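# Fold and geometry: a report
Chain by chain, the residues:
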2 protein chains.
Amino acid sequence: MAEIKQVIIIRSDISMGKGKLAAQAAHASLMSYLEAEKKDKEIAKQWIDEGEKKIVLKADSEDALKKLFEAFRFKKIPCSLVSDAGLTQLQPGTVTALGIGPWNGEEIDRFTSTFKLL
Amino acid sequence: MAEIKQVIIIRSDISMGKGKLAAQAAHASLMSYLEAEKKDKEIAKQWIDEGEKKIVLKADSEDALKKLFEAFRFKKIPCSLVSDAGLTQLQPGTVTALGIGPWNGEEIDRFTSTFKLL
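Conventions adopted
- Residues numbered from 1 in each chain as written.
- Chains lettered and ligands numbered in written order.
- Predicted model: local features only at pLDDT ≥ 70, side-chain atom pairs only at ≥ 80, totals over all residues.
- Heavy atoms only, no water.
- Least-squares fit on C-alpha atoms with pLDDT ≥ 70 in both.
- Contact = heavy atoms within 4.5 Å.
- Buried area = accessible area lost by both parts, 1.4 Å probe.
- Salt bridge = Lys/Arg side-chain N within 4 Å of Asp/Glu carboxyl O.
- Polar contact = N/O pair within 3.5 Å; in protein donor to acceptor, adjacent residues only side chain to side chain.
- Nonpolar A, V, L, I, M, F, W, Y, C, P; charged D, E, K, R; others polar.
- Helix = DSSP H or I, 4+ residues; strand = E, 2+ residues; numbered from the N terminus.
- Buried < 20%, exposed > 50% of the residue type's maximum accessible area, 1.4 Å probe, protein only.
- Pairing = 2+ DSSP bridges.
- Axes fitted to C-alpha atoms, helices over the stretch in contact; angles between N-to-C directions.

### Focus: the relation of the copies chain A and chain B
The two copies are related by a screw operation: chain A maps onto chain B through 180° of rotation and 0.0 Å of translation along the axis, at an RMSD of 0.0 Å. Within this description, the copies of the chain are treated as partners about a two-fold rotation axis. Of every C-alpha in chain A, the one belonging to A:Ala26 sits nearest the axis of rotation, 1.9 Å from it. By residue overlap, the copies meet face to face through one surface: 100% of the interface positions of chain A are interface positions in chain B.

Written out as structure tokens, the structure is:
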């Protein structure tokens, strides 16, 4: 059976404190999970049952994250682009993170293999 | 109406890289969300609809996190204690994070008000 995983990609070109980083990652993870659950309950359940494998990568620009988001949407792979409300460290609307899946890991990797671990 | 929020508490006394930190926070957030959804679908939905307010705090020991976890469980407030599989940076089973809620913010604060922002 194909490996199911979630990939979280965080922007590394903007400065976020640890708390901000943790919150953005959690936001991306949960929103993308809810998308996946809407699209395919079985995949979402399998991923939870298997321990929720998550991989955290980094992207070096807002543009890179947005392009990936569009690519995954085009492929109908569940994903969620996170922007910050900007109350504290960042400008309102700053894109900070992208959550992808849980979904077939190989299908995700096709687009993310050039991104490095955060 | 009471403010609904989720609190994520991360251990600050162990060394975690950014990717590990992000993954543990996401894990705590999602597991605790699923607990909350099981217990009270309305609260979970309200929290999502209102933009998923998340607060990230820090704890200085495993013991502090475990005691908090027991306190919230005793109060029947949805929560999830996360331990790491320990494949890379940490010993297997190391407790890394605690997710609480989404739940009534005031009820959470009663136990967490002495913890500082991460």
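### Considering the interface of chain A and chain B
Accessible area lost during the coming together of the parts is what is often quoted as the interface size. On the chain B side, the residues contacting the 21 residues of chain A number 21 residues. Summed over both sides, the interface of chain A with chain B buries roughly 1800 Å², with 75% coming from carbon and sulfur. Summed over the shared surface of chain A and chain B, the result is zero salt bridges. For the pair chain A and chain B, the interface holds four residue pairs in polar contact (both at pLDDT 80 or more). Residue composition of the side of chain A that touches chain B, grouped by class: 14 nonpolar, four polar and three charged.

### Some details on the pattern of salt bridges
Residue and element names in this part refer to chain A. Under the defined criterion, the tally for this structure stands at 22 salt bridges over all chains. In this structure, the salt-bridge partner of Glu3 is Lys53, at a minimum N-O distance of 2.9 Å. Of the two residues, Glu3 sits in the segment before strand 1 (4-11) while Lys53 sits in the loop between helix 2 (41-49) and strand 2 (54-59), which places them 50 residues apart along the sequence. You can call Glu3 partly exposed: its relative accessible area is 41%. Across the salt bridge formed by Glu70 and Arg73, the nearest N and O atoms sit 3.8 Å from each other.

### Considerations on the sheet that holds strand 5 (residues 116-117) of chain B
Residue and element names in this part refer to chain B. Taken together, five strands build an open sheet; the order of strands is 3-4-1-2-5 and the sheet is mixed. Each of the sheet's edge strands pairs with one partner strand only, and the pair in question is strand 3 (79-83) and strand 5. The pairing of strand 3 with strand 4 (residues 95-104) spans five bridges and is classified as antiparallel. Bridge pairing in strand 4 links Ser80 to Gly99. Running at roughly 40° to strand 4, helix 1 (residues 18-39) makes contact with strand 1 (4-11), strand 2 (54-59), strand 3 and strand 4 of the sheet. In this fold helix 4 (residues 105-112) packs onto strand 1, strand 2 and strand 4, with an angle of close to 145° to the strand it touches most, strand 4.

### Some thoughts on the pairing of strand 4 of chain B
All names here are of chain B. With respect to burial, strand 4 is a largely interior element, 10 of its 10 residues being buried. By the bridge criterion, six bridges tie strand 1 to strand 4 in an arrangement that is antiparallel. Across the sheet, Val7 pairs through a bridge with Ile100, a residue of strand 4.

### Regarding the pairing of strand 1 of chain B
Along strand 1 of chain B, eight of the eight residues are buried, which leaves the element largely enclosed by surrounding structure. Here strand 1 of chain B shows two buried faces, one formed by B:Ile4, B:Gln6, B:Ile8 and B:Ile10 and the other by B:Lys5, B:Val7, B:Ile9 and B:Arg11.

### Quick word on the sheet that holds strand 3 (residues 79-83) of chain A
Residue and element names in this part refer to chain A. The strand order 2-1-4-3 describes an open sheet built from four strands, whose pairing is mixed. Each edge of the open sheet is held by one strand with a lone partner, namely strand 2 and strand 3. Going across the sheet, the axis of each strand differs from the next one's by a mean of 20°, ignoring polarity. As judged from the six bridges shared by strand 1 and strand 2, these two strands associate in the parallel manner. Considered in strand 2, the bridge of Gln6 is made with Lys54. Strands strand 1, strand 2, strand 3 and strand 4 (95-104) of the sheet are contacted by helix 1 (residues 18-39), whose axis makes an angle of about 40° with strand 4. Contacts between helix 4 (residues 105-112) and the sheet are confined to strand 1, strand 2 and strand 4, with strand 4 contributing the most and set at about 145° to the helix.

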